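Residues per chain are reported as follows:
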Amino acid sequence: MRKAGSGNSKLKLSVPGHEASIGKFLTQSGTFKDGNLLVNKDGLRIVSHSEEGGPPLIKPLDNQLSLADLDAIKVVGTGTGGIVQLVRHKWTNQFFALKVIQMNIQEDIRKQIAQELRISLSTQCPFVVLCYQCFYDNGVISIVLEYMDGGSLADFLKDVKTIPEPYLAAICNQASVLNGLIYLHHEKHIIHRDLKPSNILINHSGEVKISDFGVSGIIASSSGQRDTFTGTYNYMSPERITGQKHGYISDIWSLGLVMLECATGQFPYPPHDSFYELLEEVVEQPPPFAPSDQFSVEFTSFISECLQKNPTDRKSAQVLLKHPFLSMYDDLKVDLASYFTSAGSPLATF
Ligand code: ATP
Ligand code: MG
């Protein structure tokens, strides 16, 4: 009989030296990784590898998505409530936009926000920026979003100054902001509430997607700091800015102002110093319009269908989709991808 262990006399137990340190297994986020095994405070995860050999890509609502696994690359934008960073997921190398909102939010508003985030997470449509996950910790809301490498229409407009009609038609139709609104309004039954150039995002493939529905609007209207949020109030319909009941159709007013601003290069109302000055303009003055000596009859008509002060006179997104303006440049076969990549500042911020 062999003595126990005699056949394994070469087997030695050793403690890893400093060089082969624990860092080899432990990521910055405190996750142990060895082959397809990941262990962290949330438990054990076996990652089945994708065909390329890497871990499978993160999908919206992935419960394994953890903030600690997101490496910050750079800040890509700043909003009223906080910053937006380009981040990369450690395991999958996917890029995301991480929006961090730090605000003193009361309990009832928090509930509303949670409700809106629930909707955002269930919203999956090619015309709406995907929301992958959100976290709430110690007064900070972190939202992991699809990264749009061209930034917002507001950013793009700063570079190009104005957007010619054929591209605007393509943005509404082919790209398609109107379909995004139809999806939100008629499939999800939600009002965007904060449609403005900075909430319409673009990418190098020529896609245009709506972002930030619900949440920013709620924070703005509940914060009591109206003048801090003029960015959001600027695009509010007359019925909404005066605090009346408002519906999906109030987003169409905002769309009209956005399109007009993109066409002329200027926000359609005169500069104002306070929320009340703007409110007075919106309520008292006739609605803004596209000057007929500079724009096509179709575009001026499209804008006027959106900018009706009385909400019952305004057209829905579905009706607007058939407006002649949207198809009048079809023959030009507009290529938004090359327009966004060549006309704006270089895309892909990494
Ligand atoms: P406000 O806070 O007044 O609503 P905002 O919409 O500009 O303004 P944020 O939504 O925080 O504020 O976004 C700030 C900026 O970050 C945007 O203007 C845009 O340039 C950039 N950004 C936001 N979301 C994304 C995203 N998903 N991908 C790429 N860039 C983004
Ligand atoms: Mg935004």
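Here, the structure is the one placed above.
These numbers were taken from a predicted model, which means no experiment stands behind them. Each chain has its residues counted from 1, following the order in which its sequence is written. Here chains are named by letter from A upward and ligands by number from 1 upward, in the order in which they appear as written. Totals for whole chains, interfaces and linings use all residues, but because this is a predicted model, local features are given only for residues with pLDDT of at least 70 and pairs of side-chain atoms are given and counted only at 80 or more. Only hydrogens and water are removed before side-chain values are computed, so all heavy atoms of the structure are retained for them.

**Digging into the coordination of the magnesium ion (ligand 2)**
Line of reasoning, step 1. Each metal's donors comprise the N, O and S atoms found within 2.8 Å of it (within 3.2 Å for Na, K or Ca). Water is not part of the atom list, so some coordination spheres may appear incomplete. Looking at the magnesium ion (ligand 2), one finds its protein donor set to be N199 (OD1) and D212 (OD), positioned 2.0 Å from the metal centre. With a gap of 13 residues between them, N199 in the loop between α4 (177–187) and β9 (200–202) and D212 in the loop between β10 (208–210) and α5 (215–222) connect regions that are remote in the sequence. D212 shares its class with N199; the two are buried. Secondary structure elements follow DSSP: runs of H or I of four or more residues count as helices, runs of E of two or more count as strands, with numbering from the N terminus. We call a residue buried when its accessible area falls under 20% of the maximum for its residue type, exposed when it is over 50%, and partly exposed in between, using a 1.4 Å probe and counting protein chains only.

**Comments concerning the packing of aromatic side chains**
Line of reasoning, step 1. A pair of Phe, Tyr and Trp rings is counted when the ring centres sit within 6.5 Å of each other, with Trp represented by its six-membered ring. The angle between the planes then sorts it: under 30 degrees is stacked, over 60 is edge-to-face, the rest tilted. By the definition in use, this model includes 13 aromatic pairs.
Line of reasoning, step 2. Here the aromatic rings of F156 and Y339 are separated by 5.2 Å at their centres, their planes lie at 80°, and the arrangement is edge-to-face. Within this pair, whereas F156 is found in helix α2 (residues 153–160), its partner Y339 is found in helix α13 (residues 336–343), the two being separated by 183 residues in sequence. Neither residue differs from the other here; F156 and Y339 are each classed as buried.
Line of reasoning, step 3. Clustering of aromatic rings is evident, with ring pairs tying together F295, F299, F302, F325 and Y329.

**A closer look at helix α9 (residues 275–284)**
In an α-helix, one full turn covers 3.6 residues, which means residues spaced three or four apart are oriented alike.
Line of reasoning, step 1. Every buried residue of α9 is listed here: F275, L278 and V282. Across the axial projection of α9, the buried residues extend over an arc of 65°, all falling on one side. Opposite the buried face of α9, at more than 90 degrees from it, the exposed residues are Y276, E280 and E284. This arc is built from the directions going out from the helix axis to the C-beta atoms.

**Things to note about the nonpolar core**
Line of reasoning, step 1. Put simply, a nonpolar core is a bunch of buried Ala, Val, Leu, Ile, Met, Phe, Trp, Tyr and Cys residues held in one set by side-chain atoms that sit within 4.5 Å of each other. Of all hydrophobic cores here, the largest spans 59 residues; its most connected members are L153, I163, L168, I171, M259 and F302.
Line of reasoning, step 2. Top element by residues in this core is helix α8 (residues 249–264). It accounts for 9 residues.
Line of reasoning, step 3. Those residues within four positions of F302 in sequence are excluded, and the remaining contacts are C172, L178, L255, M259, L320, H323, F325 and L326.
Line of reasoning, step 4. Grouped together as the second largest cluster of nonpolar side chains are 17 residues, V84, L86, C134 and Y147 included. By definition, residues are in contact when any of their heavy atoms lie within 4.5 Å.

**Overview of the layout of surface pockets**
Line of reasoning, step 1. Points on a 1 Å grid, built from protein atoms alone, make a cavity when a 1.4 Å probe fits but cannot get out and make a pocket when they are open with protein on both sides within 12 Å along at least 5 of 7 lines; residues with an atom within 4 Å of a point are the lining residues. Grid points are joined across faces, edges and corners, and a volume is the space filled by probe spheres set on the points. If you add up the space inside the second largest pocket, you get close to 250 Å³.
Line of reasoning, step 2. Contributing to the lining of the second largest pocket are 13 residues, with F95, Y147, M148, D149 and H204 lying nearest its centre.
Line of reasoning, step 3. Of the residues belonging to the lining of the second largest pocket, the class tally is 6 nonpolar, 4 polar and 3 charged. Each residue gets one of three labels, nonpolar for Ala, Val, Leu, Ile, Met, Phe, Trp, Tyr, Cys and Pro, charged for Asp, Glu, Lys and Arg, and polar for the others, Gly among them.

**Some remarks on the sheet that holds strand β8 (residues 140–146)**
Line of reasoning, step 1. Between any two strands, pairing holds if DSSP finds at least two bridges. Pairing is antiparallel in the open sheet, where 5 strands are placed in the order β4-β5-β6-β8-β7. The outermost strands of the open sheet, each flanked by one partner alone, are β4 (70–78) and β7 (131–137). Strand-to-strand, the axes of this sheet are offset by a mean angle of 25°, without reference to chain direction.
Line of reasoning, step 2. For strand β5 (residues 82–89) and strand β6 (residues 95–102), the ladder comprises 7 bridges, and the chain directions are antiparallel. Bridged to L86 within β6 is A97. Lines fitted to C-alpha atoms define the axes here, with helix axes fitted over just the stretch in contact, and angles between the N-to-C directions of these axes take values from 0 to 180 degrees.

**Concerning the site of ligand 1**
Line of reasoning, step 1. Residues in close proximity to ligand 1 total 20 residues, the closest being T80, K99, D155, K196 and D212.
Line of reasoning, step 2. We call two N or O atoms a polar contact when they sit within 3.5 Å, provided that within protein one can donate a hydrogen and the other can accept it, with sequence-adjacent residues counted only if both atoms are side-chain atoms. At 2.6 Å, a side-chain N or O of D155 approaches an oxygen atom of ligand 1.
Line of reasoning, step 3. Between ligand 1 and K196 there is a distance of 2.7 Å, counted from an oxygen atom to a side-chain nitrogen or oxygen.
Line of reasoning, step 4. Those elements that place two or more of their residues in the shell around ligand 1 are β4, β6 and β8.
Line of reasoning, step 5. A total of 3 residues in the shell around ligand 1 trace back to one element, the largest contributor, which is β4.
Line of reasoning, step 6. Tallied by class, the residues present in the shell around ligand 1 amount to 7 nonpolar, 7 polar and 6 charged. Throughout, near means a residue has at least one heavy atom within 4 Å of the molecule or strand.

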